[in-house]
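Structural overview
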Amino acid sequence: MAAHLLRARVPGLEIIVVEKQSDLGRGLAYSTSLPDHLLNVRASNMSAFADDPDHFARWLAGRGINVADPSTYFAPRRLYGDYLGELLDGAPARVKRANRLSIVDDECVEIISHGPQLELRLAGGSSAVADRCILATGHDVKPYRGESLLAPRGAAQRMPSDPSDPVLIIGTGLSMIDTCLSLVLRGHVGPIFAVSRRGLLSTVHGRTTPIEIARADIPLGAGPREFVRWFRALVRSTETRGGDWRDVVDGLRPHNQSIWQSWSDSSKRQFFRHLKAWWDIHRHRMAPQVHERVSRAIADGQLRVIAGRIVDAKPIANGFVAILQRRNSQVAEEFRVTRIYDCAGVIADPEKSSNPLIQSLLASGMARPDPLHIGIDVSPEGALISNDGTREDRIYAVGPLTRGRFLEIEAIPDIRVQCQRLATALLDLPGRFRAA
C-alpha cells in the first residue's frame, strides 16, 4: 500500500508506516527461513504492481537470479519477503529526504478521532497523527494450542527431542504442508499425523492456459448450486477440447469477487458450509517441488492424512494423548504424540481477533463485522462501515480484513490491485494529507 502511494510522487503526501516487526514486508507467510518453503503463485504473477508485471522478475535478475521462465518458477518465500521489504528500501533515499516516509517500530492499539484528524495511539505510549488511516494488518493468527514451526525464531528448539517420535498436526492446508516440510527437512523421520474435518490436501500447479470467460456467460446471482453445475459443465467442455480444470479456475480469477458479491448472505453461508474447502484446494495450489516432497512423504507412510477431528488432547509425560474421531465414525481413537502443531487456520471473525486495534475499533463502534463475520464491514472502496451503518471515509482496510466484501483478497495478485485502486482514490482527494 505504501509503495503504491509513493509511486505517484504527489507533493505534500506524507506516509507513516507503523509496524512492530523489525523487517517490513514479511508477515507470517514470508518470515520462514527455509528455502524449500516456496510461493504458491508463479513468479510471473507476483509483481507488487499489476501494471508492471515484470517488476519481480527484474528484481530477481538484479539479484543474479536469472529465471528462464517466470511462469514456471516458484520463488522461495523468504526471498519474496526481501523483495517486499525493498519496495520501500529502494525508493526512500529521495523519499526520506523529502520527509515523505517515516517508519515507526511499534504497534497501533487504538484510533481516536479529533475532528478531521486521527490520533493513532501506540503500544509504546506515544501517538501519531494522520488524516487517513489504512489497516493493512494481514492475517490474524489465533493462539496455538500446541507449537508451530512456521516462525523461524527458535524453530529448531521446538523439534521433537527424538526424530523418530510421532507428531500431530491439526489442519491439512498449506500451513500443514509448511510444518511437515519443516520437520522433514530438519531430519524428522517419525510418523506425522495430519487431521482435518475433510482430510483434503491442496492440489498441484500445472501448466495452464486460462480460458477467456465473458462476464455475461457467468450465472451471477444464481447461487452456489447453480454455479457449481455451470462450473462443472465448463470444466467438462474444456477438458473435451484438451484443456484442464486449472484453465477454468484460473480463467475465473478476474470474476471471483463479482461472483461472490452477486450472492445473497444465505448463499454465501451455503458456500462456506459445503463448497469452500473444495474450492480452496483447487484455487490455492502447491508448487510442483513441494507437491513432490509431500507425495513422497505420503507414499513412504511418514505423512498420514486423516479426515476427522480431535475431540480432546491431554498432556502426559513426554507428550500428549489426542483423542481422534474419524469422519463418519463414532469410534474414538487414541494417538500418543510428542508434539501437537496447530495449523488449523487463522482467525476470521473480527470479534475473536487477537489484534488490540481491531478490538478497539469494534468496541468504539468505528467498525463492525461483516454479515458473515469473516472480516470487517467495508465499502466497495475499502472504507470502514461503522456500527450505525455510516461510512468512515478516513479509515480504510486492505487485504484479508476485507474478505467479507471480496472473499478472494488474500493473495498478492488480488491485494496489489486493491492497493492500486485505493491509492488512486486517495491521491485524487484535494489538498495535502498524511496517511498512516
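What counts and how
- Residues numbered from 1 in each chain as written.
- Predicted model: local features only at pLDDT ≥ 70, side-chain atom pairs only at ≥ 80, totals over all residues.
- Heavy atoms only, no water.
- Helix = DSSP H or I, 4+ residues; strand = E, 2+ residues; numbered from the N terminus.
- Rg over C-alpha atoms; globule rule 2.2 N^0.38 Å.
- Buried < 20%, exposed > 50% of the residue type's maximum accessible area, 1.4 Å probe, protein only.
- Contact = heavy atoms within 4.5 Å.
- Areas by Shrake-Rupley, 256 points an atom, 1.4 Å probe, with all protein chains shown as cover.
- Arc of directions from axis to C-beta.
- Pairing = 2+ DSSP bridges.
- Axes fitted to C-alpha atoms, helices over the stretch in contact; angles between N-to-C directions.
- Parallel < 35°, antiparallel > 145°, perpendicular 65-115°, else oblique.
- Nonpolar A, V, L, I, M, F, W, Y, C, P; charged D, E, K, R; others polar.
- Polar contact = N/O pair within 3.5 Å; in protein donor to acceptor, adjacent residues only side chain to side chain.
- pLDDT = per-residue confidence, 0-100.
- Core = buried A, V, L, I, M, F, W, Y, C linked by side-chain atoms within 4.5 Å.

This next bit is on the overall build of the protein. Secondary structure summary: the protein contains 14 helices and 15 strands in total. Over its C-alpha atoms the protein spans a radius of gyration of 23 Å, differing by no more than 12% from the 22 Å that the globule rule assigns to 436 residues. Viewed in the frame of its principal axes, the protein has a C-alpha envelope of about 65 × 55 × 50 Å. By residue count, 47% of the 436 residues in the protein fall in the buried class. Relative to all contacts within the protein whose residues are 6 or more apart in sequence, the contacts with residues 24 or more apart total 67%. Of the roughly 20800 Å² of accessible surface on the protein, 50% is carried by carbon and sulfur atoms.

On to helix α9 (residues 265-274), then. Of all the residues in α9, the buried ones are Ser267, Lys268 and Phe271. The buried residues of α9 all sit within an arc of 100 degrees when viewed along its axis, so they share a single face. Where α9 is buried, its residues touch α6 (224-240), α8 (256-262), α10 (276-283) and α13 (403-406).

For the rest of this paragraph, the subject is the sheet that holds strand β3 (residues 108-114). Across the sheet, three strands lie side by side as β3-β4-β5; this open sheet has antiparallel pairing. With one partner strand each, in any of the chains shown, β3 and β5 (127-130) form the two edges of the open sheet. In this sheet, neighbouring strand axes are inclined to one another by 25 degrees on average, regardless of whether the strands run parallel or antiparallel.

In terms of strand pairing, β3 meets strand β4 (residues 117-122) through six bridges, oriented antiparallel. Bridging from a neighbouring strand, Ser113 pairs with Leu118 of β4. Taking the residues between adjacent antiparallel strands as the criterion, β3 and β4 are bridged by two residues, where Gly115 takes a positive phi near 65 degrees.

On to the packing of α9 against α10. In contact at an axis separation of 5 Å, α9 and α10 are set at 70 degrees when each is read in the N-to-C sense. For the element pair α9 / α10, the angle class is roughly perpendicular. The segment α9 lies against α10, with Phe271, Phe272 and His274 engaging Lys276, Trp278 and Trp279. Of the residues in the contact of α9 with α10, the class split is four nonpolar, one polar and one charged.

The subject of this paragraph is the pairing of strand β11 (residues 332-337). Note: strand β10 (residues 319-326) against β11, six bridges, orientation antiparallel. Bridging across to β11, Leu324 finds its partner in Glu333. In this structure, the hairpin formed by β10 and β11 is closed by a connection of five residues, where Asn328 is found at a positive phi of approximately 65 degrees.

Once that is clear, we can look at the environment of Ser196. Looking at the secondary structure, you find Ser196 in strand β8 (residues 192-196). In this structure Ser196 touches Gly171, Thr172, Ile306, Ala307 and Gly308, once residues within four positions along its chain are discounted. One polar contact links Ser196 to Thr172, side chain to side chain, over a distance of 2.7 Å.

The subject of this paragraph is the confidence of the model for the protein. Looking at the protein, the pLDDT average stands at 90 and 93% of residues meet or exceed 70. Per-element averaging of pLDDT across the protein places helix α4 (residues 92-97) at the bottom with 45 and strand β13 (residues 383-385) at the top with 98. Contacts of residues 92-97 to residues separated by more than four positions or lying in other chains number seven contacts, the stretch itself having pLDDT below 50. Low confidence marks residues 150-157, where pLDDT is under 50. Its contacts with residues over four positions away, or in another chain, come to 15 contacts.

Counting 39 residues, the largest nonpolar core has Leu5, Phe56 and Tyr80 as its most contacted members. At the level of secondary structure, the elements contributing two or more residues to this core comprise α1 (2-7), β1 (14-18), α2 (55-62), α3 (77-90) and α14 (412-427). Sorting elements by how many residues they give to this core places α14 first, with seven residues. By size, the runner-up hydrophobic cluster in this structure holds 25 residues, among which are Leu122, Leu135, Leu362 and Ile376.

Across the sheet, six strands lie side by side as β11-β10-β9-β8-β7-β12; this open sheet has mixed pairing. Two strands bound the open sheet, and with one partner strand each, they are β11 and β12 (339-342). The sheet shows a mean angle of 40 degrees between the axes of neighbouring strands, direction not considered.

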